[in-house]
Number of protein chains: 2
Amino acid sequence: METKYSMVKSALKSKIMDGTYTPYQKISSESELMKEFGVSRHTVRLAIGDLVTTGWLYREQGSGTFCADRSKMNENQRQNSQKNIAIITTYISDYIFPSIIRGAESRLSQEGYQVSIFSTNNDHEKERQILEKILTQQFDGIIIEPTKSAFSNPNINYYLNLERLSTPYIMINAYYDELEPLSIVMDDVKGGFMQTEHLIKLGHIDIVGCFKTDDTQGTKRMKGFLKAHRKHGIPLNPKNIITYNTEEKSTKPIEEIEKILDSKSNSITGLVCYNDELVIKVLDVLRRRTIRVPEDISIIGYDDSVLAEVSEVKLTSIIHPKSEMGKAAANTIIDLIKLKSVNKKNEQHQVDSVVYTPEMAIRNSTKDLNQQKITTQ
Amino acid sequence: METKYSMVKSALKSKIMDGTYTPYQKISSESELMKEFGVSRHTVRLAIGDLVTTGWLYREQGSGTFCADRSKMNENQRQNSQKNIAIITTYISDYIFPSIIRGAESRLSQEGYQVSIFSTNNDHEKERQILEKILTQQFDGIIIEPTKSAFSNPNINYYLNLERLSTPYIMINAYYDELEPLSIVMDDVKGGFMQTEHLIKLGHIDIVGCFKTDDTQGTKRMKGFLKAHRKHGIPLNPKNIITYNTEEKSTKPIEEIEKILDSKSNSITGLVCYNDELVIKVLDVLRRRTIRVPEDISIIGYDDSVLAEVSEVKLTSIIHPKSEMGKAAANTIIDLIKLKSVNKKNEQHQVDSVVYTPEMAIRNSTKDLNQQKITTQ
DNA sequence: TCCGATTTGTTCGTATGTATG
DNA sequence: GCATACATACGAACAAATCGG
């Protein structure tokens, strides 16, 4: 697809799908498009011609070319009664997502839905391509794990377009603030708070927190980290907060923690980690320095993933509902679809967002310093 | 309709409908039509273009323009000309499958395919339901990880039906012997052989092998285990072979290994495991008995999964290509689809099965007994 | 109601690229 | 390697419909 007319074609198609052109709206004239793309009229006409035959535009001689109303067209043309759901995640194979996907898939396939999966690799451009693909087809519902949810999203228009076409969608794990969509998330502030308070209650005062901050999960957990310090009146050294983003995840947090461990003023006794995956990496660092867990340092993870029970140190961790969350997402989207098909008057029956209150799995990566004091003294 | 191109259009259409042009027959070339109707090439192309988009003709560059077979057309291009691939796995979230799926998905989405996933939960009945669903829809290709591949499969007829409908499919990780399908697999016999020989070469003689035997991967690895003993003339105590199936995987192998460890005649120095997942479970058992790895016992895993580097003992393990295999599967299925669409005579261009020759990642869960002997004596 | 500017529709010519046999 | 056939792209001209003044 590197021909000029196909470039013009996809550019126009994007503008329709992101809502720049709304149904019945006149698009730029052929001569304007010629200038805009620096191509001949013939090329512009080829592109438009294709989009007309595929039902994205219609032409009126003497008047102009207009954006078609695909929502009405669908009714005529969709004979396909197949039940389809799309799941968009950042990474398919990472960590807890497979469990979430499994939970959703098992529930959805029970109901006879077919599940298509897409992964954005945490890239907004890829997310855009996927949304375009989804808008082109007919999906009954979409489950989305947002890409880089802590940042403002350049594809908001596509989500708004989903709403315009009344395609139900929900977000899991996090959501784009601007949209206020239906969502299935954890209370990550509470989670971060619980992690930190757990250590504080065990007598830890000098605690390092390490958070991934390109998704809202991380920023919220950090917020909880701060909140716990504030509540218990424990002063927080700014140096004790480490932040990183997805691209840096295999290097930066480890390096920063090493720096702290190696600094002379180091008196750290506790470490709050963004997730279990990070804990496992930290454990390697600590083993090399023969720092014992939990004797010398207490560590607390997040997600209660398989990784929590895989090492010689069994991790204390915040429990993520994982496949439970996937199932809830599936149920919610199923409800939304049903609601849509009988949206005559059922005002009372409504679908709500779910916020999981986190719980903690206490194992033995954290140590009670209070008891130690008593025995030592 | 008195424009020139519409005259050409209806003239051509008439010739199709009155049988002058029969399906698959080449129609006059563009230059011939120019002379015939006394119009420019552009006009001819306009007419043909319209007939192509409405499904009366199809063009092949360098070859010509042909009359379409409208009886079959309905089935081919009905509704969406969307490109769809199905992936059927046993478990979506287990272990190495997410990596395989990711590899396949990334490659397939690059090529504009949409990926639908289905999981059988290692259940033949569920597999049947999925195959029925797939047969009723139009998928361009299917990637299958067989369910309980070591047993004879009750759904063979469905697979044969896929062949009859000439829907390309391939199998990964294992395959049903009866079908002899295209497949992307490891040489698991070699893998099991390498695991065992590695220990033998390190001086181990009393080795326990623990294999899952409801898939061919497990039975083949066991075969390699036996083969290595035979090759090196090491007698094999039948009690040193533990087998289990998927349902028993969280209990039986562990219990059997504990039995062996607790028996008086225990002189085990090496343990060959079906996969890394099992190794991790065994490590827990050993820790409780303060049996050290690799000092007291050497363990070797399979798959080189994340679990291999997650514990304090870094596992020696056979390397599974994982996402590489997913990509290869994607490429193969893409090739098959292309081949199918141009199946005129290209006999030489053929798609073949892939067998990965295993390699080994040597870490420190295995110990060299030879060296010890030398220093001890 | 007519005019003129704008916009799409039809048609021609020409050139170069790429796949097929 | 070469001729043939379709693919892409540029330019130009005139026709037909629309719309504001």
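Residues numbered from 1 in each chain as written. Chains lettered and ligands numbered in written order. Predicted model: local features only at pLDDT ≥ 70, side-chain atom pairs only at ≥ 80, totals over all residues. Heavy atoms only, no water.

- If you check an unreviewed UniProt entry, chain A appears there as Transcriptional regulator, GntR family from Virgibacillus subterraneus.

## Considerations on the interface of chain B and chain A
And then number 1: Counting from both sides, the interface comprises 33 residues of chain B and, opposite them, 34 residues of chain A.
And then number 2: Between chain B and chain A, roughly 2,800 Å² of surface is buried when both sides are summed, and carbon and sulfur atoms account for 51% of that area.
And then number 3: In this structure, the connection of chain B to chain A is made through 2 salt bridges.
And then number 4: Two residues, Asp284 of chain A and Lys314 of chain B, come together in a salt bridge whose shortest N-O distance is 2.7 Å.
And then number 5: Counting every contact that joins chain B to chain A gives 15 residue pairs in polar contact (both at pLDDT 80 or more). (Contact = heavy atoms within 4.5 Å. Buried area = accessible area lost by both parts, 1.4 Å probe. Salt bridge = Lys/Arg side-chain N within 4 Å of Asp/Glu carboxyl O. Polar contact = N/O pair within 3.5 Å; in protein donor to acceptor, adjacent residues only side chain to side chain.)

## Section: the protein's contact with DNA strand D
And then number 1: Taken together, 22 residues lie around DNA strand D, and Lys4, Thr43 and Gln61 of chain A together with Glu30 and Thr65 of chain B are the ones closest in.
And then number 2: Close to the protein, within 4 Å, the atoms of DNA strand D are drawn from sugar and phosphate at a rate of 71%.
And then number 3: At 3.5 Å, a backbone N or O of Gly62 of chain A approaches a sugar or linking oxygen of DNA strand D.
And then number 4: In this structure, a phosphate oxygen belonging to DNA strand D sits 3.0 Å away from a side-chain N or O atom of Arg45 of chain B. (Near = heavy atom within 4 Å.)

## Examining the pattern of salt bridges
Close approach of charged atoms lets side chains of opposite charge pair.
And then number 1: Within this structure, the stated rule accounts for 47 salt bridges over all chains.
And then number 2: One salt bridge connects Asp188 of chain A with Arg221 of chain A, and the closest N-O pair in it is separated by 2.8 Å. Here Asp188 of chain A, found in helix α8 (residues 188–201), pairs with Arg221 of chain A, found in helix α9 (residues 216–231); they are 33 residues apart in sequence, far enough to count as distant. In terms of burial, Asp188 of chain A and Arg221 of chain A fall into one category: buried.
And then number 3: With a shortest N-O distance of 3.4 Å, Glu256 of chain B and Lys259 of chain B are connected by a salt bridge. Within this pair, Glu256 of chain B and its partner Lys259 of chain B are both found in helix α10 (residues 252–262), separated by 3 residues, close to a single helical turn.
And then number 4: On the basis of relative accessible area, Lys259 of chain B is assigned to the exposed category, the value being 54%. (Helix = DSSP H or I, 4+ residues; strand = E, 2+ residues; numbered from the N terminus. Buried < 20%, exposed > 50% of the residue type's maximum accessible area, 1.4 Å probe, protein only.)

## A short note on the side chain of Thr43 of chain A
Residue and element names in this part refer to chain A.
And then number 1: Mapping Thr43 onto the fold places it in helix α3 (residues 41–53).
And then number 2: The buried category is assigned to Thr43, whose relative accessible area is 15%.
And then number 3: Apart from the residues within four sequence positions on either side, Thr43 is in contact with Lys4 and Tyr5.

## A look at the UniProt feature "domain: HTH gntR-type" (unreviewed entry) in chain A
And then number 1: The UniProt record marks residues 2–70 of chain A with the feature "domain: HTH gntR-type" (unreviewed entry), using the residue numbering of this structure.
And then number 2: The distance from the first to the last C-alpha atom of residues 2–70 of chain A is 26 Å, and the span holds 52% helix and 12% strand. (UniProt positions renumbered as here; feature names shortened; annotations may be inferred.)

## Some words on the packing of helix α6 (residues 124–136) of chain A against helix α7 (residues 156–164) of chain A
Residue and element names in this part refer to chain A.
And then number 1: Contact pair α6 / α7: the axes reach a minimum separation of 10 Å and the direction vectors enclose 20°. As summarised for this structure, α6 and α7 are arranged roughly parallel, according to the angle between their axes. Between α6 and α7 lies a crossing of left-handed hand. Of α7, the residues touching α6 (which contributes Glu127, Arg128, Leu131, Glu132 and Leu135) are Tyr158, Tyr159, Asn161 and Leu162.
And then number 2: Among the residues forming the contact of α6 with α7, the class breakdown is 5 nonpolar, 1 polar and 3 charged. (Axes fitted to C-alpha atoms, helices over the stretch in contact; angles between N-to-C directions. Parallel < 35°, antiparallel > 145°, perpendicular 65-115°, else oblique. Left-handed = near helix turned anticlockwise from the far one by under 90°. Nonpolar A, V, L, I, M, F, W, Y, C, P; charged D, E, K, R; others polar.)

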